[in-house]
Amino acid sequence: PVEGLELYLGYSHNDYDGIGFGLVDPLERFTLQGQNVATLGATYEAGNLSLGFDAAFNFNGADDNDDDGLVQFAENDGNRYDTYFGLNVGYQIMDNLSAGITVLCAIDRDSNDDLFDDKADAYFAFAPEVAYSINDNNEFTVGFNYEMAGSDYSAFSIPVKWTYSF
C-alpha cells in the first residue's frame, strides 16, 4: 500500500431517466448524464502537497434508441457530456497560506450537444485559487475561474469569499 493514497470506484444504473451528475466545474453549467455511469477517483497527500483526480464515464445512455423509453431521453440531451476528467492540485505554502488549481475537461463523444452553434464536443475549465487563514475561524479565498467550450463560448469569474468556521 501507498501511504496517503486513496482510490475510489463507482457505478450507477437507472432504467429510464438516466443519472445526472453536476460537474464540479467553476461555473457549474454542464452535467454528465446517462443510463449507466462509472466513476473513478484518487486522492494523494504527501506533506504539504495534495492531489485529487476524478473521472466519470456515461455509456449506453445518452443516445440509446432501445425499447426502454430512452428515445425522448436522447432527444433531450441538451448540454450534457459523456466523459469527464478533473484534476486538483493543492499546496500548503505556510500554516495560514495555501494555493491550488482545479482543471476540468468534459467530452461529448457523440457531438450531440446543440447548445453551441459549432456543435461543441469539449468543455474545458481551470480555476486557480489562494486561501489565507487569519485564525482558526476565518479564512479568505480569492481565485480566477475560466471555462470554454467550442469556439463561441467562454466565461470567467473572480470569486472572493470569506469562510467562518464555528
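Residues numbered from 1 in each chain as written. Predicted model: local features only at pLDDT ≥ 70, side-chain atom pairs only at ≥ 80, totals over all residues. Heavy atoms only, no water.

### With respect to the nonpolar core
Taken as a class, soluble globular proteins show a tendency for nonpolar side chains to be buried jointly.
Moving on, step 1. The biggest cluster of nonpolar side chains holds 10 residues, and these are V37, A56, Y84, L104, A106, Y123, A125, A149, Y153 and A155.
Moving on, step 2. Listed by contribution, the elements that provide at least two residues to this core are strand 8 (97-107), strand 9 (122-133) and strand 12 (153-157). (Core = buried A, V, L, I, M, F, W, Y, C linked by side-chain atoms within 4.5 Å. Buried < 20%, exposed > 50% of the residue type's maximum accessible area, 1.4 Å probe, protein only. Helix = DSSP H or I, 4+ residues; strand = E, 2+ residues; numbered from the N terminus.)

### Some words on the packing of aromatic side chains
The relation between two aromatic rings is expressed through the spacing of the ring centres and the mutual angle of the planes.
Moving on, step 1. For the coordinates displayed, the defined rule picks out six aromatic pairs.
Moving on, step 2. When the ring of F126 is compared with that of F144, the centres are 6.4 Å apart and the planes differ by 45 degrees; the resulting orientation is tilted. Placement of the pair is F126 in strand 9 and F144 in the loop between strand 10 (138-143) and strand 11 (145-149), with a sequence separation of 18 residues.
Moving on, step 3. Ring centres of F126 and Y146 lie 5.7 Å apart, and the angle between their planes is 45 degrees; on these two criteria the pair is classed as tilted. (Phe/Tyr/Trp six-rings, centres within 6.5 Å; stacked < 30°, edge-to-face > 60°.)

### A word on the environment of N14
Moving on, step 1. By secondary structure assignment, the location of N14 is in the loop between strand 1 (5-13) and strand 2 (19-22).
Moving on, step 2. Residue classification places N14 among the partly exposed positions, given a relative accessible area of 27%.
Moving on, step 3. Each C-alpha atom, one on N14 and one on V37, is 9.1 Å from the other, the two residues being 23 residues apart in sequence.

### A few points about the pairing of strand 7 (residues 83-94)
Moving on, step 1. Here strand 5 (residues 49-59) pairs with strand 7 via nine bridges, running antiparallel. By the bridge assignment for strand 7, A55 is matched with F85.
Moving on, step 2. Pairing analysis gives 11 bridges linking strand 7 to strand 8, with the strands arranged antiparallel. In the sheet register, Q92 faces strand 8, and the bridge partner there is S98.
Moving on, step 3. Counting the residues between successive antiparallel strands, the hairpin from strand 7 to strand 8 contains two residues. (Pairing = 2+ DSSP bridges.)

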